Amino acid sequence: MTRTSEEGSPGAPDDASPASDVSDDASRGSGDERLAELFAFLRRRLTGEYEIDEFGFDPELNDRVLLELIRPVYRHWFRVETLGLENVPAESGALVVANHSGTLPVDALMMQVALHDEAHRAVRLLGADLVYQLPVLGHLSRKTGHTLACPEDADRLLRKGELVGVFPEGFKGVGKPFSQRYRLQRFGRGGFVASAIRAGVPIIPCAIVGAEEIYPKIGDLPVLARLLGLPYLPITPFFPWLGPLGLVPLPSKWLIEFGEPIRTDDYDPIDADDPMLVFNLTDQVRETIQHQLDVLRRRRGPAFQPLF
């Protein structure tokens, strides 16, 4: 016999579902916890109850705000896959050396997320002077753990047991034309190798595939770039033609591989002053990354794959 409205809805049990009650309570509890965490975070920021190190690194702001903003791009737009995470030391210092590309240095941010989320290490990236000449960008870079690409900062961080990241190609790599994609540019004078030797830490070669396709550089505006004080001003299939929309990166498929460590602890710190040794080791790192890139491109296949 069907119950009337006074007895309850048709077919409904006499008592409310316990599972529904538990689910609602859990949802409310989870929401309350997140709200409490947010208020606690804001209170610490307002009262100054948070720590930064001598380089300006703010781990809490980095983890809870800055990385959260770029994580969706990492996971859902570029769909980054990582390989060779077992080659990244769990605690001790190491120097991660990667190829650089993509017109804008988005690859540095993606590598930072990969190491933070997958290897559970905060990487201290070494940036060019230009980054720290820009007020907002320079300040945010310090907050996220980045610092100036100079031997003094690199040596101090490595001796403290930090994971340090460097892109030896610099602007030559990130600003090269699309026709030269995945061809490593010159690695400079090997200052990063000398820092690794002085600290006695391993060098982790890192290959990043996917960044070359996000802003295919087909031209340049050198006169305007010089007027703006920039190393280059790119022309892509969409920029500057589409204005701000041209700055949206294309959704290429990314792979990031951390190769086997190249040891430096067999050398004496004074060997860092031997230019021939530094040159040979620099060349070894460069050749290793180039080989990784060639293999990784074949493994990835097409640059653009279905998002879903």
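The shown structure was predicted, so the numbers you read here are calculated from the model rather than taken from an experiment.

The rules behind these values
Residues numbered from 1 in each chain as written. Predicted model: local features only at pLDDT ≥ 70, side-chain atom pairs only at ≥ 80, totals over all residues. Heavy atoms only, no water. Buried < 20%, exposed > 50% of the residue type's maximum accessible area, 1.4 Å probe, protein only. Helix = DSSP H or I, 4+ residues; strand = E, 2+ residues; numbered from the N terminus. Polar contact = N/O pair within 3.5 Å; in protein donor to acceptor, adjacent residues only side chain to side chain. 1 Å grid on protein atoms, 1.4 Å probe; cavity = no way out; pocket = protein on both sides within 12 Å on 5 of 7 lines; lining within 4 Å. Points joined across faces, edges and corners; volume = space filled by probe spheres on them. Nonpolar A, V, L, I, M, F, W, Y, C, P; charged D, E, K, R; others polar. Axes fitted to C-alpha atoms, helices over the stretch in contact; angles between N-to-C directions. Parallel < 35°, antiparallel > 145°, perpendicular 65-115°, else oblique. Contact = heavy atoms within 4.5 Å. Core = buried A, V, L, I, M, F, W, Y, C linked by side-chain atoms within 4.5 Å. Expected span 1.5 Å × (residues − 1). UniProt positions renumbered as here; feature names shortened; annotations may be inferred. Patch = residues over 30% accessible without salt bridge, like charges linked within 9 Å, V, L, I, M, F, W, Y side chains within 5 Å. Areas by Shrake-Rupley, 256 points an atom, 1.4 Å probe, with all protein chains shown as cover. Salt bridge = Lys/Arg side-chain N within 4 Å of Asp/Glu carboxyl O. Phe/Tyr/Trp six-rings, centres within 6.5 Å; stacked < 30°, edge-to-face > 60°. Lys NZ or Arg CZ within 6 Å of the ring centre and 35° of its normal.

Asker: What exactly am I supposed to notice about unusual backbone geometry here?
Answerer: For the bond running from Phe-239 to Pro-240, omega is 10°, close enough to zero to count as cis. One non-glycine residue, Thr-103, adopts positive backbone phi at about 70°. Relative accessible area serves as the criterion here: at 6%, Thr-103 is assigned to the buried category. The phi dihedral of Tyr-182 falls on the positive side, at around 60°, and the residue is not glycine. Relative to the helices and strands, Tyr-182 is located in the loop between helix 7 (171-174) and helix 8 (191-199). A relative accessible area of 3% places Tyr-182 in the buried class.

Asker: It is not clear to me how the side chain of Thr-147 should be interpreted in this structure. Could you clarify?
Answerer: By secondary structure assignment, the location of Thr-147 is in strand 4 (residues 147-148). Within the structure, the side chain of Thr-147 is placed 2.7 Å from the side chain of Arg-142, a separation counted as a polar contact. Among the polar contacts listed, one links the side chain of Thr-147 to the side chain of Asp-153, at a separation of 2.7 Å.

Asker: Is there a simple way to explain empty space enclosed by the protein in this structure?
Answerer: The gaps left among the atoms become clear once a water-sized probe is rolled over them. By the definition in use, this model includes 1 cavity of 30 Å³ or more. Volume-wise, the largest cavity comes out at about 40 Å³. Gly-102, Thr-103, Gly-173, Val-174, Lys-176, Pro-177, Phe-178, Glu-212, Tyr-215 and Lys-217 are the residues that line the largest cavity. Along the lines of polarity and charge, the residues of the lining of the largest cavity split into 4 nonpolar, 3 polar and 3 charged.

Asker: Mind showing me how you'd approach the packing of helix 8 against helix 10 (residues 275-300) here?
Answerer: Between two packed helices, the angle of one axis relative to the other and the distance separating the axes together describe the packing. Relative to each other, helix 8 and helix 10 sit at 105°, their axes nearing to 9 Å. Considering the angle they form, helix 8 stands roughly perpendicular to helix 10. From helix 8, Phe-192, Val-193, Ala-194 and Ile-197 reach across to helix 10, where they touch Leu-277, Val-278, Leu-281, Thr-282 and Val-285. Looking at the contact of helix 8 with helix 10, its residues break down into 8 nonpolar, 1 polar and no charged.

Asker: Explain the nonpolar core here, please?
Answerer: Soluble, globular proteins show a tendency: their nonpolar side chains are buried together. Grouped together as the largest cluster of nonpolar side chains are 32 residues, with contacts concentrated most on Leu-95, Val-97, Phe-192 and Val-285. Mapped onto this core, the elements with two or more residues apiece are strand 2 (94-98), helix 6 (151-159), strand 5 (163-166), helix 8, strand 6 (203-209) and helix 10. Sorting elements by how many residues they give to this core places helix 10 first, with 7 residues. Discounting residues that sit within four places of it in the chain, Val-285 has contacts with Val-97, Phe-187, Phe-192, Ile-203 and Ile-262. The next biggest cluster of nonpolar side chains, apart from the first, holds 30 residues, and it includes Phe-78, Val-106, Leu-163 and Ile-256.

Asker: Just checking my understanding: could you explain helix 3 (residues 106-117) for this structure?
Answerer: In this model helix 3 runs 17 Å from its N-terminal to its C-terminal C-alpha over 12 residues, within 8% of the 16 Å that 1.5 Å per residue would give. When you tally the buried positions in helix 3, you get 10 out of 12 residues, the bulk of the element. Within helix 3 the residues assigned to the buried category are Val-106, Asp-107, Ala-108, Met-110, Met-111, Gln-112, Val-113, Ala-114, Leu-115 and Asp-117.

Asker: Before we go on, may I ask you to explain the UniProt feature "domain: Phospholipid/glycerol acyltransferase" (unreviewed entry) in the protein chain in this structure?
Answerer: Those residues carrying the UniProt feature "domain: Phospholipid/glycerol acyltransferase" (unreviewed entry) are residues 94-211 in this numbering. End-to-end, the C-alpha atoms of residues 94-211 are 24 Å apart, and along that stretch the chain is 41% helix and 19% strand.

Asker: What am I meant to see in the layout of surface pockets here?
Answerer: By volume, the second largest pocket amounts to about 150 Å³. Surrounding the second largest pocket, Arg-186, Phe-187, Gly-188, Arg-189, Gly-190, Pro-275, Val-278, Phe-279, Thr-282, Asp-283 and Arg-286 form its lining.

Asker: Is there a simple way to think about a nonpolar patch on the surface in this case?
Answerer: A contiguous nonpolar patch, built from Leu-221, Val-223, Leu-224, Leu-227, Leu-228 and Leu-230 and spanning about 550 Å² of accessible area, is present on the exposed surface. Assignment of secondary structure puts Val-223 in helix 9 (residues 222-228). Overall, the relative accessible area of 54% leaves Val-223 in the exposed class.

Asker: Sorry if this is basic, but what is going on with the packing of aromatic side chains here?
Answerer: The description of two aromatic rings rests on the distance between their centres and on the angle between their planes. Enumeration over the complete set of coordinates arrives at 2 aromatic pairs. With a centroid separation of 4.6 Å and 20° between ring planes, the pair formed by Phe-78 and Trp-254 is classed as stacked. In this pair, Phe-78 is assigned in the loop between helix 2 (59-77) and strand 1 (81-83) and Trp-254 in the loop between strand 8 (234-235) and strand 9 (255-258), connecting sequence segments 176 residues apart. Pairing Phe-187 with Phe-192 gives two aromatic rings, centres 6.1 Å apart and planes at 75°, and the pair type is edge-to-face. Of the two residues, Phe-187 and Phe-192, both sit in the buried class. Here Arg-45 stacks its cationic end above the ring of Tyr-50, 3.6 Å away from the centre of that ring. Lying over the aromatic face of Tyr-132, Arg-142 brings its terminal NZ or CZ to 4.8 Å of the ring centre.

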